[in-house]
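So the chains spell out like this:
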Amino acid sequence: MLLDENRLFPTDPKVRDLARTLYEGVRDLPIISPHGHTDPRWFAENQPFDDPAQLLVTPDHYIFRMLHSQGIPLDALGVPRADGRAVEQDPRKIWQVFADNYHLFRATPSRIWVDHVLQEVFGVDQPLSAYTATAIYDHIDDCLSKDGFRPRALFEQFNIEAISTTESAIDDLKWHHMIRESGWGGKVVTAYRPDAVIDPEFDGFAENVQKMGEMADEDATTWQGYLAAHRNRRAFFKSYGATSSDHGHPTARTEDFAPDVAANLFDKALRGDCTAAEADAFRGHMLTEMARMSLDDGLVLQIHPGSSRNHSKDIFRLFGRDKGYDIPSRTDYVTALKPLLNAVGGEPNLTIILFTLDESTYARELAPLAGVYPALKLGPPWWFHDSYEGMMRFREMATETAGFYNTVGFNDDTRAFCSIPARHDVARRVDSSFLATLIATGRLNENEAHEVSYDLAYRLAKQAYRL
Amino acid sequence: MLLDENRLFPTDPKVRDLARTLYEGVRDLPIISPHGHTDPRWFAENQPFDDPAQLLVTPDHYIFRMLHSQGIPLDALGVPRADGRAVEQDPRKIWQVFADNYHLFRATPSRIWVDHVLQEVFGVDQPLSAYTATAIYDHIDDCLSKDGFRPRALFEQFNIEAISTTESAIDDLKWHHMIRESGWGGKVVTAYRPDAVIDPEFDGFAENVQKMGEMADEDATTWQGYLAAHRNRRAFFKSYGATSSDHGHPTARTEDFAPDVAANLFDKALRGDCTAAEADAFRGHMLTEMARMSLDDGLVLQIHPGSSRNHSKDIFRLFGRDKGYDIPSRTDYVTALKPLLNAVGGEPNLTIILFTLDESTYARELAPLAGVYPALKLGPPWWFHDSYEGMMRFREMATETAGFYNTVGFNDDTRAFCSIPARHDVARRVDSSFLATLIATGRLNENEAHEVSYDLAYRLAKQAYRL
Amino acid sequence: MLLDENRLFPTDPKVRDLARTLYEGVRDLPIISPHGHTDPRWFAENQPFDDPAQLLVTPDHYIFRMLHSQGIPLDALGVPRADGRAVEQDPRKIWQVFADNYHLFRATPSRIWVDHVLQEVFGVDQPLSAYTATAIYDHIDDCLSKDGFRPRALFEQFNIEAISTTESAIDDLKWHHMIRESGWGGKVVTAYRPDAVIDPEFDGFAENVQKMGEMADEDATTWQGYLAAHRNRRAFFKSYGATSSDHGHPTARTEDFAPDVAANLFDKALRGDCTAAEADAFRGHMLTEMARMSLDDGLVLQIHPGSSRNHSKDIFRLFGRDKGYDIPSRTDYVTALKPLLNAVGGEPNLTIILFTLDESTYARELAPLAGVYPALKLGPPWWFHDSYEGMMRFREMATETAGFYNTVGFNDDTRAFCSIPARHDVARRVDSSFLATLIATGRLNENEAHEVSYDLAYRLAKQAYRL
């Protein structure tokens, strides 16, 4: 067995038993995956996955960044180059590099996720290493050719009740359309991600806005037409199940400008004349506009700020975005969110879900804000913090001020489809451990803990995201 | 029983036993409450408290902010409006809302404090819930009509050796006078809180200064007269037992200006001509002036910086200050305190007690500063951090660099009178757990731990605050 | 016995056993001390140490800062004054003050280090206190007169395989020369510390550069000559075993200017015309130059930023540098390191080791950076964080993202020679505890843990520093 059945539980025997009991109560609950980046095409076409390397190594930035940090070129892992030059194509070679260096992942969440995938999805029972690489490759490769390992079959095996993908505001949602038309019963919804038409610094911003206008049949080059186009696209996304919008800005800055100020910034942005500060201001204002639209259409507003993207210019030039060089940076929320929260934070029917990459804000800013503003909830630990220690710190730092009911359960935020059960399992285990510790230290009684456990594993996500 | 007798102790049985032994040694020590916000009128008049809702719900910002965060209007909790419009008046209805939503407080310190009050003060033994709300209300209401539940009786029952309230520099201290005249033996002292006459941005600053001048029989509109008026008021406060001043500034900024610069800022402040930056500078300078006065009169200087007050303009407009919308913000100490510490930080007979709402400064800034400057001590975890996890983080992050003897024990900082024993009990338990862990991991021997335990629970507060 | 043989191990009996087993596997490994501040003169001359106070109290800023924080003047501890006025000269009196106040160190790392030195180096078995002070003084003093307590004998007894001292770029390395000439087999290498010739704000910068030029036989007053002089001095340091350079800048700022911009800043710096901002920019640029030289000569680049030095002007004036008044400050890495990392961060043969005094950057900035840039590694917890809690926080916050193999083992960073075994012992115990917890919570298997344990205690430091 690769996995310890008591993994992530407290070490004290009595507290461990409490944790295990709580965990057993939620282990088999359906998965609600309200925020993530799986590819809807998988579920639309339901084709077999390519090979073990393409499934588990090459597209997983947690994996390739760690290998790269020890000097392995991204080319050797098959990561495609922006300039189209050749990279390693042989999945067996890529897999072997991964296996040779699997010790690098000791004590990282990737290790638990991969071991979980190997054991629970593919039935592997020997540790991945240089010596077992080929045998495990062959075994997974063989699995992938079977119907039971096609995307829809795995979706069902994983017991996913609902999953949200994330699409650009100017996506045509054709894969979601194809899923719907297929008659398949799996609940795969989209989420409205308008960065490409909200961020003046996004590649092709003006063209993107133009395209959005065409798709929405609005003149999106005027401020009012632009807002109308957003409303139209949001409605279109809702027709494919969207219950949320998602916004990945460099900072948490929000603004609530008068319409003429906003319109003026928008004009500048379209002309490509925004300074960096004006671009930031415009993004900030658009969060408030999005929230106002949410008051009408009910989409949950998700804010994912604080990543300093593409830190290495060389890697960005050679390989493009999302290559592991996105680094969290210090993020202010108290001042930054004030315009948004003063505009709409008191609305009890609005849900704004905040994420952070700056853990120092959990106890200092986020829990105090979520613990008073009716519209505000805290998303689960995100990205680099989606791990045992990260989740535990979140609970320890946020709960005393925000309680459990200003949080929204777990989401996996992943495009590594096979890791979804692993990630939810980790979250359920960590929460069970946290709750067991509360019981054992007299801070919660056992009956309550079972209720909270169910809420954290299932109900809160379903409710917050209206799924 | 609502309370687990082993609550907040470590889970390992041997370490738990160590903690319990330490705790038993300090559990019944008298309470030193050197900083708080109880109303001296209670002890002066010694009238019965109104009703359970007025006692435990409506005035407690920890309670109403959490309820409000889930969409319950402040009106429904009886929180008075600034515009005088009607709010809920029926204490039974307010209590019912509280009880209906008591699950929101799971794993928060409020839950432990309220359960402690219910069980230890009022003898309630069933959990508060929608179903028990009325019975518990009736029971508490009945208690409140008895002499044993009047303020002075509770003061004695709580075993309070000394308590400090906090009054504005322009308060006439009539309730303190009335307490003294009453002949009652309870030690209730005041503390000098001059924000209203130090902060140029405080409502009615110039009028407040004018009033201070009148009370002190000085022309407080001149810089020298203003300083003299402070000295006079401090002496007046000392005559009612004050041993400390207290300063709640937005930042930890200090300055040590030449007299003409300070006088010029003061003139501007009086005229209402200060920019925000000048107001901040003036507040900063006044901390150094206060410290200089402390060198003469021995008052302990407390600095409570870093709260961004009244974050919601709507709530401030409708309900006024202190309505749960005060949010901690990132606070710098290293640069900010330099002028003050360079002026007086080397004085061994001066005590400056620092608090923070920014836990990231414990290990990085506060412990290193308190671990070297003779005048500097660290206050206990404050406000949002006055909790099991918050206290444990403080000990874990501050002790290795500042030791125990640059800290000042616990203070409850509360206006929730009945929660005072609960809060001190939590502190004593957490410290017992921390010390027990030190013993069990070979970092302290048991004899020493008992001495430290006594110091943390009783002696350090008494000594630091000269009570 | 002063020391608990199970100190710093987890409290749960099974986890404790795991930790102890891991610890026993590394306890007796040779010490690699790749970064520190011992005086090479000790090993060159091999003279007996002066007395217990000079050995353990007066030069140790951890010790005298804590005593000072409680009002004991530095003079009373024998700390020499910059103005040459008399300070306490009697080592017995100094020792007595230390012993009288030994309780101040409870739960600090100094306590563990001193107890370890007393017991393991000098065979003391009674606790230091006012009452035992004289007896312990006499005992240590007696030891110091014996050959077995001379520097080289202790070096060997401590099982030091290699130690690095740190010398200024303009040091003549005469003590290192004398060590080499002596034929003694102890491996004592130097490290290249060029702050005095890189920091325009360093006392005597221009003279220092002049001197460097003379030593290197280059005209160091020109930009090209200055760089050539660095290369020359680095080669000279390498000839005395240096494998690293070390840089203690106020911030982590780096720059990568065009040569003419850098040359222009250098000219200003030499003329003493740099603004503070320009001085910071020049220091930042020189880190990148140093890294480029490292590509050629293989020296490991160590960056130690974030200390706000000499916080008290009085103490600096009276006693000079390094008197405990260096306070950590908030440090940005994401933006600050971008120029350096964009220039050389992708080089797999370069090693840049980052340290921090700002723990909030571990999970947010440092682990994500080290977890992707091939050249970057994380140094161990430094200075105020070189302690049980500090080390545990480092592992908990950095490992999940950076793994173990982007860290470089432990270094003691000390001039307190006798404490070196104590410090390495603490690190080995803490890492054993961390690893045992990983095993017990199913995050690492036991075989792997033994391998990692060896790596953390020995191999990683040796490999990263090329010792």
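Quick notes on the rules
Residues numbered from 1 in each chain as written. Chains lettered and ligands numbered in written order. Predicted model: local features only at pLDDT ≥ 70, side-chain atom pairs only at ≥ 80, totals over all residues. Heavy atoms only, no water. UniProt positions renumbered as here; feature names shortened; annotations may be inferred. Helix = DSSP H or I, 4+ residues; strand = E, 2+ residues; numbered from the N terminus. Rg over C-alpha atoms; globule rule 2.2 N^0.38 Å. Contact = heavy atoms within 4.5 Å. Areas by Shrake-Rupley, 256 points an atom, 1.4 Å probe, with all protein chains shown as cover. Lys, Arg positive; Asp, Glu negative; His and termini not counted. Charge placed at Lys NZ, Arg CZ, Asp CG, Glu CD. Buried area = accessible area lost by both parts, 1.4 Å probe. Salt bridge = Lys/Arg side-chain N within 4 Å of Asp/Glu carboxyl O. Polar contact = N/O pair within 3.5 Å; in protein donor to acceptor, adjacent residues only side chain to side chain. Nonpolar A, V, L, I, M, F, W, Y, C, P; charged D, E, K, R; others polar. Buried < 20%, exposed > 50% of the residue type's maximum accessible area, 1.4 Å probe, protein only. Pairing = 2+ DSSP bridges. Least-squares fit on C-alpha atoms with pLDDT ≥ 70 in both. Phe/Tyr/Trp six-rings, centres within 6.5 Å; stacked < 30°, edge-to-face > 60°. Domains from an automatic or database assignment. Axes fitted to C-alpha atoms, helices over the stretch in contact; angles between N-to-C directions. Parallel < 35°, antiparallel > 145°, perpendicular 65-115°, else oblique. Left-handed = near helix turned anticlockwise from the far one by under 90°. Core = buried A, V, L, I, M, F, W, Y, C linked by side-chain atoms within 4.5 Å. Expected span 1.5 Å × (residues − 1).

Chain A is annotated in an unreviewed UniProt entry as Uronate isomerase of Paramylibacter ulvae. Database annotation for chain A, UniProt heading Pathway (unreviewed entry): "Carbohydrate metabolism; pentose and glucuronate interconversion."

*Asks:* When you look at the overall build of chain A in this model, what are you seeing that I'm missing?
*Replies:* The number of helices and strands found in chain A is 20 helices and 11 strands. Against the compact-globule benchmark of 23 Å for 467 residues, chain A has a radius of gyration of 22 Å, which places it among compact chains. Dimensions of chain A, computed from C-alpha atoms along their principal axes, come out at roughly 65 × 60 × 45 Å. Long-range contacts, defined as pairs at least 24 residues apart, comprise 77% of the intrachain contacts of chain A with a sequence gap of at least 6. With an accessible surface of roughly 15700 Å², chain A has 47% of that area assigned to carbon and sulfur atoms. Of the charged side chains in chain A, 49 are positive and 69 negative; the average position of the first set lies 1 Å away from that of the second.

*Asks:* Just checking my understanding: could you explain the interface of chain A and chain B for this structure?
*Replies:* Much of the literature gives interface size as the accessible area that the parts lose upon coming together. Contact residues are listed per partner, giving 44 residues for chain A and 44 residues for chain B. Of the roughly 3600 Å² buried between chain A and chain B on both sides combined, carbon and sulfur atoms contribute 53%. Per-residue buried area on chain A facing chain B is highest for A:Arg364, A:Glu400 and A:Arg443; these three make up 21% of the total on that side. A salt bridge links A:Glu451 to B:Arg106; its shortest N-O distance comes to 3.5 Å. The tally of links between chain A and chain B comes to 24 residue pairs in polar contact (both at pLDDT 80 or more). The set of elements that each furnish at least two residues to the side of chain A that touches chain B consists of α16 (338-344), α17 (361-370), α18 (388-402), α19 (420-440) and α20 (446-464) of chain A. Of the residues assigned to the side of chain A that touches chain B, the class counts are 21 nonpolar, 11 polar and 12 charged.

*Asks:* What is the right way to look at the pairing of strand β2 (residues 160-164) of chain C in this model?
*Replies:* Sheet faces and side chains relate simply in a regular strand, where the side chains alternate between the two faces. All names here are of chain C. The element β2 is largely enclosed, with a buried count of four among its five residues. One ladder, built from two bridges, connects β2 with strand β4 (residues 188-189); its direction is parallel. Its bridge partner being in β4, Ser164 is matched across the sheet by Val189.

*Asks:* What's the story with the sheet that holds strand β2 (residues 160-164) of chain A in this structure? I'm lost.
*Replies:* Within a beta sheet, neighbouring strands are joined by backbone hydrogen bonds and run either parallel or antiparallel to one another. All names here are of chain A. Ordered in space as β1-β2-β4, the three strands form an open sheet in which the pairing is parallel. The open sheet has two edge strands, β1 (31-33) and β4 (188-189), and neither has a second partner. Relative to β2, β1 is paired through three bridges, and the arrangement is parallel. Residue pairing in the sheet places Ser33 in a bridge with Ile163 of β2.

*Asks:* Explain the relation of the copies chain A and chain B here, please?
*Replies:* Placing chain A over chain B gives an RMSD of 0.0 Å and needs a rotation angle of 120°, together with 0.0 Å of translation along the axis. Expressed as a symmetry operation, the mapping of one chain copy onto the other fits a three-fold axis. An overlap of only 7% is found between the interface residues of chain A and their copies at the interface of chain B, pointing to separate contact surfaces.

*Asks:* Is there a simple way to explain the packing of aromatic side chains in this structure?
*Replies:* Centre distance and the angle of the planes are the two values used to describe a pair of aromatic rings. All names here are of chain A. Using the criterion set out here, one finds 99 aromatic pairs over all chains in the structure. With centroids separated by 5.4 Å and ring planes inclined at 75°, the aromatic side chains of Trp42 and Phe49 adopt a geometry described as edge-to-face. Here Trp42 and Phe49 have matching classes, each one buried. Ring geometry for Tyr102 versus Phe105: centroids 6.1 Å apart, planes at 40°, classification tilted.

*Asks:* Looking at this model, I keep getting lost on the domain arrangement of chain A. Mind explaining?
*Replies:* Residue and element names in this part refer to chain A. Under the domain assignment, chain A is made up of domain 1 (13-49 + 147-464) and domain 2 (50-146). Centre-to-centre separation of domain 1 and domain 2, based on C-alpha positions: 27 Å. Taken together, the contacts link 32 residues of domain 1 with 30 residues of domain 2. The contact between domain 1 and domain 2 buries some 2500 Å² in all, and 66% of this surface belongs to carbon and sulfur atoms.

*Asks:* What is the right way to look at unusual backbone geometry in this model?
*Replies:* The backbone of B:Trp383 sits at a positive phi, close to 65°, despite the residue not being glycine. By the element assignment, B:Trp383 lies in the loop between β11 (376-378) and α18 (388-402). Backbone geometry at C:Ala107 places phi at a positive 70°, although glycine is not the residue there. Mapping C:Ala107 onto the fold places it in the loop between α5 (91-100) and α6 (109-121).

*Asks:* Would you mind going over the relation of the copies chain A and chain C with me for this structure?
*Replies:* Comparison of the two chain copies shows a relationship of rotation about an axis with a shift along it. When chain A is fitted to chain C, the residual RMSD is 0.0 Å, and the transformation amounts to a turn of 120° plus an axial shift of 0.0 Å. A different interface surface on each copy is seen, since only 7% of the contact residues of chain A are contact residues in chain C too.

*Asks:* Any chance you could explain the packing of helix α13 (residues 259-271) of chain B against helix α14 (residues 276-297) of chain B here in plain terms?
*Replies:* Packed helices, taken two at a time, are described by the angle between their axes plus the distance between the axes. All names here are of chain B. Between α13 and α14, the least distance of the axes is 10 Å, while the angle of their chain directions is 125°. The angle between α13 and α14 places the two elements in the oblique class. Judged by the sense of rotation from one axis to the other, the crossing of α13 with α14 is left-handed. Where α13 approaches α14, its residues Ala262, Leu265, Phe266 and Lys268 are matched on the opposing element by Glu278, Ala281, Phe282 and His285. Here the contact of α13 with α14 is composed, by residue class, of five nonpolar, one polar and two charged.

*Asks:* Before we go on, may I ask you to explain the packing of helix α6 (residues 109-121) of chain B against helix α19 (residues 420-440) of chain B in this structure?
*Replies:* Residue and element names in this part refer to chain B. Interaxial distance between α6 and α19 falls to 8 Å at its minimum, and their mutual angle equals 125°. Considering the angle they form, α6 stands oblique to α19. For the element pair α6 and α19, the recorded crossing hand is right-handed. On α19, the residues touching Ile112, Trp113 and His116 of α6 are Pro421, Ala422, Arg423, Asp425 and Val426. Considered class by class, the residues forming the contact of α6 with α19 number five nonpolar, one polar and two charged.

*Asks:* Looking at this model, I keep getting lost on the pairing of strand β7 (residues 300-303) of chain A. Mind explaining?
*Replies:* All names here are of chain A. In β7, alternate side chains face the same way, and those of Val300 and Gln302 on one face and Leu301 and Ile303 on the other are all buried. By the bridge criterion, four bridges tie strand β6 (residues 244-247) to β7 in an arrangement that is parallel. Of the residues in β7, the one forming a bridge with Ser244 is Val300. As paired elements, β7 and strand β10 (residues 352-354) share three bridges and run parallel to each other. When the bridges of β10 are listed, Ile303 appears paired with Leu354.

*Asks:* Help me understand the sheet that holds strand β4 (residues 188-189) of chain B, please; the structure alone is not making it clear to me.
*Replies:* Residue and element names in this part refer to chain B. Pairing within the open sheet is parallel, and its three strands lie in the order β1-β2-β4. Both edges of this open sheet fall to β1 (31-33) and β4, since each of them pairs with a single strand only. Sheet strands touched by α19: β1 and β2 (160-164). Its angle to β1, the strand with the most contacts, is close to 105°.

*Asks:* Would you explain the nonpolar core in this entry?
*Replies:* Residues A:Tyr226, B:Trp95, B:Phe98, B:Phe122 and B:Phe417 are the most contacted members of the largest nonpolar core, which totals 168 residues. Sort the elements by how many residues they give to this core and α19(A) lands first, with 10 residues. When near neighbours in sequence (up to four residues on either side) are disregarded, B:Phe417 contacts B:Thr38, B:Trp42, B:Phe43, B:Phe49, B:Pro151, B:Leu154, B:Phe155, B:Phe158 and B:Ile160.

*Asks:* I would appreciate a short explanation of helix α19 (residues 420-440) of chain C in the present structure.
*Replies:* Owing to its 3.6 residues per turn, the α-helix brings residues three or four apart onto one side. Residues and elements named next belong to chain C. End to end, α19 covers 30 Å across 21 residues, agreeing with the expected 30 Å (1.5 Å per residue, within 8%). With respect to burial, α19 is a largely interior element, 20 of its 21 residues being buried. Residue Gly442 follows α19 closely and has a positive phi angle near 70°.

*Asks:* Before we go on, may I ask you to explain the interface of chain A and chain C in this structure?
*Replies:* With 44 residues of chain A at the interface, the matching set in chain C holds 44 residues. Interface area, chain A with chain C, both sides summed: about 3600 Å², of which 53% is carbon and sulfur. Broken down residue by residue, the surface that chain A buries against chain C is led by A:Arg106, A:His311 and A:Arg330, which jointly contribute 21%. Notably, a salt bridge pairs C:Glu448 with A:Arg111, separated by 2.8 Å at the nearest N-O pair. Applying the counting criterion to the chain A and chain C interface returns 24 residue pairs in polar contact (both at pLDDT 80 or more). Those elements giving two or more residues to the side of chain A that touches chain C turn out to be α1 (13-26), α4 (61-69), α6 (109-121), α15 (313-319), β9 (327-328) and α18 of chain A.

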